[in-house]
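Topology and contacts: notes
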Amino acid sequence: RFIAKPCAINLGIQDSGPHRAQPNAILEKVFTSITKSPDGKRLEGLSKQLDWDVRKIQRWFRHRRNQDKPTTLTKFCESMWRFTFYLSIFFYGIRFLWTAPWFWDTRQCWYNYPFQPLTSRLYYYYILELAFYWSLMFSQFTDIKRKDFLIMFVHHLATIGLITFSYMNNMVRVGTLVLCLHDASDFLLEAAKLANYAKYQRLCDAFFMLFGVVFIVTRLGIYPFWILNTTLFESWELIGPYPSWWLFNGLLVTLQILHIIWSYLIIRTAYKALVRGKV
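Predicted model only: the values in this text are computed from it and were never measured. As a convention, each chain's residues are numbered from 1 in the sequence order in which they are written. The predicted nature of this model means local features are confined to residues of pLDDT at least 70 and side-chain atom pairs, given and counted, to a pLDDT of 80 or more, with totals for whole chains, interfaces and linings taken over all residues. Processing note: side-chain calculations cover all non-hydrogen atoms of the structure and skip hydrogens and water entirely.

Annotation comment: domain bounds sourced from an automatic or database domain assignment. Looking at the chain, the domain boundaries give domain 1 (19–68) and domain 2 (72–276). Once you take the C-alpha centre of each, domain 1 and domain 2 turn out to be 43 Å apart.

See the structure below:
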């Protein structure tokens, strides 16, 4: 409200929504109670009832559907908030982990487990991440509705489950590696969205391509060969299997499945962008 909105206005993003449909009680009742996209038979019936042309009724429904869509300004403000958080928490995580021994040697995650000290910096890093993902979980129902609502809901559940479960079992060392790895690409996607809303097409394309590369390298490369390697094999070797080992790794593998689905979507989008000349 006080930072993102003025930035958007300075970039020329207007606080104006789409063209509003003219008030009509009959069409509004059909729109809210029956269908938002009436078929030919229903359109003909409404045309006779209202003495309107079919094309005029189709135009009314199109305007009414667009009326519920959020404005570009609203989407810009939401993305700017997420960009600010992802960028800040990523650099906080890198600065914290740079001096952590398990960042350079993942076997350190399991030495003397579970009797590992929980430092204040590690604690705040964990609590900040958990609070943010809980906020995403709740705000998903009030924020802008997107096509990946269900898959994001599964992602938030898996993430909150992993953060909470690893904290309760003192697996926070490997947990910080997972968190930092996931934050590495998220702020680039939000930067691409900001550039898109501000109509800086070349900047948007550059950020999206950079996001795609970082996402695929971290989620399909580093994550399975660095994170899953230590949770599946090094932990088994150093401390052996334990009851929670199966659940913990099950959640981590669920994340990897989501990574594969998203990577496919990113590659498909990048391919279309190269063919058409823009994202």
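Having seen it, we continue.
This next bit is on a nonpolar patch on the surface. Together, L118, Y123, Y124, I127, Y167 and M168 line one region of the surface with nonpolar side chains, adding up to about 590 Å² of accessible area. In this text, helices come from DSSP runs of H or I with a minimum length of four residues, and strands from runs of E with a minimum of two, each type numbered from the N-terminal end. Breaking the nonpolar patch down by element, the ones donating at least two residues are α7 (120–139) and α8 (149–168). It is α7 that contributes the most residues to the nonpolar patch, three residues altogether. The topology assignment puts I127 in helix α7. Any residue with relative accessible area above 30% and no salt bridge may belong to a patch, with like charges joined within 9 Å and the nonpolar Val, Leu, Ile, Met, Phe, Trp and Tyr side chains within 5 Å. Per-residue accessibility takes into account occlusion by the displayed protein chains alone, with areas from the Shrake-Rupley method and a 1.4 Å probe. For this analysis, a salt bridge means a side-chain nitrogen from Lys or Arg found within 4 Å of a carboxyl oxygen belonging to Asp or Glu.

A word on the nonpolar core. What tends to happen in soluble globular proteins is that the nonpolar side chains get buried as a cluster. Among the nonpolar cores identified, the biggest contains 54 residues, and Y86, L97, W102, L177, Y223, F248 and L252 are the most heavily contacted of them. Only buried residues count toward a nonpolar core. Its members are Ala, Val, Leu, Ile, Met, Phe, Trp, Tyr and Cys residues joined through side-chain atoms within 4.5 Å. Three exposure classes are used, based on accessible area relative to the maximum for each residue type with a 1.4 Å probe and protein chains only: buried under 20%, partly exposed in between, and exposed over 50%. With ten residues, the next largest nonpolar core counts W52, I57, W60 and F61 among its residues.

What follows covers the pattern of salt bridges. Across all of its chains, the model carries four salt bridges by this definition. A salt bridge links E237 to R107; the nearest nitrogen and oxygen atoms lie 3.2 Å apart. On the criterion of sequence distance, the pair formed by E237 in helix α10 (residues 201–239) and R107 in the loop between α6 (101–104) and α7 is long-range, its members being 130 residues apart. A residue is classified by how much of its surface remains accessible, and E237, at 53% relative accessible area, is exposed. By relative accessible area, which is 23% here, R107 ends up partly exposed. For E190, the salt bridge is made with K193, and the minimal N-O distance between the two is 3.6 Å. Placement of both E190 and K193 in helix α9 (residues 172–197) is noted, with a separation of three residues, approximately one turn of the helix. Classification of E190 by relative accessible area gives buried; the value is 5%.

Let us look at empty space enclosed by the protein. Method remark: on a 1 Å grid restricted to protein atoms, a set of points is classed as a cavity if a 1.4 Å probe fits but cannot get out and as a pocket if it is open with protein on both sides within 12 Å along at least five of seven lines; lining residues have an atom within 4 Å of a point. Grid points are joined across faces, edges and corners, and a volume is the space filled by probe spheres set on the points. The full count for this structure, using the stated rule, is one cavity of 30 Å³ or more. One number sums up the size of the largest cavity: a volume of about 140 Å³. Around the largest cavity, the lining is made up of 15 residues, and of these L162, I163, G175, V178 and L179 lie nearest the centre. For the lining of the largest cavity, the secondary structure elements donating two or more residues are α7, α8, α9 and α11 (243–276). Broken down by element, the lining of the largest cavity gets its largest block of residues, five residues, from α9. The residue classification treats Ala, Val, Leu, Ile, Met, Phe, Trp, Tyr, Cys and Pro as nonpolar and Asp, Glu, Lys and Arg as charged. All others, Gly included, are polar. Classifying every residue of the lining of the largest cavity by side-chain character gives nine nonpolar, four polar and two charged.

Now for the UniProt feature "transmembrane region" (unreviewed entry) in the chain. The sites that carry the UniProt feature "transmembrane region" (unreviewed entry) are, in the present numbering, residues 83–103, 123–142, 207–226 and 246–267. This span, residues 123–142, is 85% helix and 0% strand, and a straight line between its end C-alpha atoms measures 29 Å. A distance of 31 Å separates the end C-alpha atoms of residues 246–267, which is 100% helix and 0% strand. UniProt positions are given in the numbering used here, feature names are shortened, and annotations may be inferred rather than shown by experiment.

Here we take up the state of the cysteines. When two cysteine sulfur atoms are found within 2.5 Å, that pair is recorded as a disulfide. In the structure shown here, the tally under the stated rule is zero disulfides. Distance from the sulfur of C77, which forms no disulfide, to the nearest cysteine sulfur (C7) is 8.8 Å. Distance from the sulfur of C204, which forms no disulfide, to the nearest cysteine sulfur (C77) is 18 Å.

One can find S166 in helix α8. Counting of polar contacts relies on pairs of N or O atoms within 3.5 Å, with two restrictions inside protein: one atom must be capable of donating a hydrogen and the other of accepting it, and residues adjacent in sequence are counted only when both atoms are side-chain atoms. For S166, the side chain forms a polar contact with the main-chain oxygen of I163, separated by 3.1 Å. With sequence-adjacent residues up to four places away left out, S166 is seen in contact with Y126, M171, V172 and F248. Contacts are assigned to residue pairs that have any heavy atoms within 4.5 Å of one another.

Let us now look at a positive patch on the surface. Here Asp and Glu are counted as negative and Lys and Arg as positive; His is not counted, and neither are the chain ends. A charged residue contributes its charge at one atom only: NZ of Lys, CZ of Arg, CG of Asp or CD of Glu. Together, R55, K56, R59, R62, R65 and K69 make up a region of like positive charge exposed at the surface. Structurally, K56 can be placed in helix α4 (residues 54–67). Residue class for K56 comes out partly exposed when judged on its relative accessible area of 32%.

In a helix, the anticipated span is given by 1.5 Å times the number of residues less one. In this model, α7 (20 residues) spans 28 Å end to end at C-alpha, consistent with the 28 Å of a helix rising 1.5 Å per residue. Within the sequence span of α7, burial applies to L122, Y125, Y126, E129, L130, F132, Y133, L136, M137 and S139. Contacts from the buried residues of α7 go to α5 (72–97), α6, α8 and α9.

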